[in-house]
Amino acid sequence: MAKIPSKPWGGRFSEPTNKFVERFSASVDFDHRLYEYDILGSIAHAEMLSQIGVLTDSECSAITDGLNKIREEIDGGVFEWSIVLEDVHMNIEARLVDLIGEPGKKLHTGRSRNDQIATDMRLWTRDQIDQITIKQTVILGHLLDKAEGHVGTIMPGFTHLQVAQPITFGHHLLAWFEMLYRDRERFLECRHRVNISPLGSAALAGTSFPIDREFTAKKLGFEGLALNSLDAVSDRDFAIEFAAIASMTLSHLSRWCEELVAWNSPAFDFIELPDSFCTGSSIMPQKKNPDVPELIRGKTGRVFGNLSSLLVLTKSQPLAYNRDNQEDKEALFDTADTLQDCLFAIGEIIATMSPRVDNMRSFAEKGFATATDLADYLVRKGVPFRDAHAIVGHVVAEALEKGLAIHEIELTQLQQFSDVIDADVFDSLTLEGSVAARKHLGGTAPETVRSAIQTARKRL
Ligand code: ARG
């Protein structure tokens, strides 16, 4: 029976691929976006083959020229992708043979799609990390700029979403800064583990050609070589790690968005979001909804889902490469795309939101935010903290009954709860006094926040 010529691997087959199998196994619909990395990897591989004498110089230039031409075709939208050729690798290779003939058939010497795809994915992920960390740096800068304008802006700090103690808005923004700073650090550390060259591992066992792995790694900007060919073609832990850090980052962004949504609601009314970043209701004309932070919060779920997919994908695979791994792509791509969009969006929101400082302040005046300060005052006058806590509890109960804030209670009244109380107590009960007193490292005092911002700028 006639051989089927259309598949690069068709030699041993005597039946055409079932149409369903062709569609089911094709990845080109989504892996075509790796083309740039695939071409770079192929050029590096061809140059290496010519260095070691497996390709002649003219074969190597024909290959390189052909690949550059293919890149132009793809960039220009005229390249014809075909699912018959399964994936990005075979589509490009087949076109290369079309374009340059014989030398094109030599490109795959000493390599396999298994080390090729691992290389493409690592290069792609590395680029994503670079774009992501740039976006993170921009947001971190926005946070510091915003914080700088609000080192002395008083707002309520919450625990259990109940007014707890007064803080400064700058301090709150620096809490977000710390979260995102760690996320960026995680991506930068992960980059080192991503940036390792699997090229040369071939299908699983390496190759019988005297390849120069250092050469290709250097060409492609890798900082090291994968040290075991079986591991290099099969593990996707770099993708899992990327998705885990993306999940952590989204979890942080989701928390911020939860606050932004609350702050934007009339119940809090702490911030105004720009019209351009909100949408309206199709029925209620008065609505201006914080959809963008809601969507960031919502998209967190799909990224957690992608992480879970990648973990499950790899957990039962024996060494070495298995086709299961083709399923890593959509989860990884979606993770990066979603994260990039969410980072862009949150950066814009932070840069453009305007805090309503009066509302923040009046909210902080409610809820006995300085009760801890009264207890601390008593402690400084010699009362043990537990007793002080109980005394202030009674003061709060009295204030609740009379419908007063603590500082509105008469001195003589306060003295009935403890005879160590003097007129200077009122200094401790102001919002400004409360935040100013918390001036140790990590505290909310304006002067501390100001110096934390300076340190943060250096850390950036
Ligand atoms: N499209 C494949 C993937 O994403 C490329 C590697 C194919 N290797 C193979 N032995 N079929 O994993």
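The structure under discussion appears in the preceding block.
Residues numbered from 1 in each chain as written. Predicted model: local features only at pLDDT ≥ 70, side-chain atom pairs only at ≥ 80, totals over all residues. Heavy atoms only, no water.

Observations regarding the overall build of the chain
Here's step 1: Per the secondary structure count, the chain includes 19 helices and six strands.
Here's step 2: Computed over the C-alpha atoms, the radius of gyration of the chain is 31 Å, more than 25% above the 23 Å expected from 2.2 N^0.38 for a compact globule of 460 residues.
Here's step 3: Structurally, the chain occupies a C-alpha span of about 105 × 50 × 40 Å along its principal axes.
Here's step 4: In the chain, which comprises 460 residues, the share counted as buried stands at 48%.
Here's step 5: Taking contacts inside the chain between residues at least 6 apart in sequence as the whole, the part at least 24 apart equals 75%.
Here's step 6: A total accessible area of about 21800 Å² is found for the chain, and carbon and sulfur atoms account for 54% of it. (Helix = DSSP H or I, 4+ residues; strand = E, 2+ residues; numbered from the N terminus. Rg over C-alpha atoms; globule rule 2.2 N^0.38 Å. Buried < 20%, exposed > 50% of the residue type's maximum accessible area, 1.4 Å probe, protein only. Contact = heavy atoms within 4.5 Å. Areas by Shrake-Rupley, 256 points an atom, 1.4 Å probe, with all protein chains shown as cover.)

Quick notes on the site of the ligand
Here's step 1: Lining the immediate surroundings of the ligand are Ser27, Asp87, His89, Arg113, Asn114, Ile117, Tyr321, Arg323, Gln326 and Lys329.
Here's step 2: In the model, a nitrogen atom of the ligand is placed 2.8 Å from a nitrogen or oxygen of the glutamine 326 side chain.
Here's step 3: At 2.6 Å, a side-chain N or O of lysine 329 approaches an oxygen atom of the ligand.
Here's step 4: Top element by residues in the shell around the ligand is helix H6 (residues 113-149). It accounts for three residues.
Here's step 5: When grouped by side-chain class, the residues that make up the shell around the ligand number two nonpolar, four polar and four charged. (Near = heavy atom within 4 Å. Polar contact = N/O pair within 3.5 Å; in protein donor to acceptor, adjacent residues only side chain to side chain. Nonpolar A, V, L, I, M, F, W, Y, C, P; charged D, E, K, R; others polar.)

Digging into unusual backbone geometry
Here's step 1: Leucine 319 connects to alanine 320 through a cis peptide bond whose omega is -5 degrees.
Here's step 2: Of note in this structure, glutamate 86 is not a glycine but carries a positive phi near 60 degrees.
Here's step 3: Here glutamate 86 shows up in the loop between helix H4 (57-75) and helix H5 (88-100).
Here's step 4: Backbone geometry at phenylalanine 368 places phi at a positive 55 degrees, although glycine is not the residue there.
Here's step 5: Within the element layout of this structure, phenylalanine 368 appears in the loop between helix H13 (357-365) and helix H14 (371-380).
Here's step 6: Judged by relative accessible area, phenylalanine 368 falls into the partly exposed class, the value being 21%.

Re the packing of aromatic side chains
Here's step 1: With the rule as written, the count across this model stands at 15 aromatic pairs.
Here's step 2: Chaining the aromatic ring pairs together yields one cluster made of Phe158, Phe169, Trp176, Trp256, Trp263, Phe268, Phe270 and Phe363.
Here's step 3: Cation over ring: arginine 12 sits above phenylalanine 13, and NZ or CZ is 5.9 Å from the ring centre. (Phe/Tyr/Trp six-rings, centres within 6.5 Å; stacked < 30°, edge-to-face > 60°. Lys NZ or Arg CZ within 6 Å of the ring centre and 35° of its normal.)

Some points on the nonpolar core
Here's step 1: Counting residues in each nonpolar core, the largest one holds 69 residues, and the members touching the most others are Trp176, Trp256, Trp263 and Ile346.
Here's step 2: When near neighbours in sequence (up to four residues on either side) are disregarded, isoleucine 346 contacts Ile139, Leu253, Trp256, Cys257, Leu260 and Ile296.
Here's step 3: Judged by nonpolar contacts, the second largest core, of 18 residues, contains Ala375, Tyr377, Val392 and Ile406. (Core = buried A, V, L, I, M, F, W, Y, C linked by side-chain atoms within 4.5 Å.)

Regarding a nonpolar patch on the surface
Here's step 1: A surface patch of nonpolar side chains, amounting to about 320 Å² of accessible area, comprises Phe20, Val21 and Phe24.
Here's step 2: Locating phenylalanine 20 in the fold gives a position in helix H1 (residues 19-25). (Patch = residues over 30% accessible without salt bridge, like charges linked within 9 Å, V, L, I, M, F, W, Y side chains within 5 Å. Salt bridge = Lys/Arg side-chain N within 4 Å of Asp/Glu carboxyl O.)

Everything listed here is a matter of geometry and, on its own, says nothing about what the molecule does.
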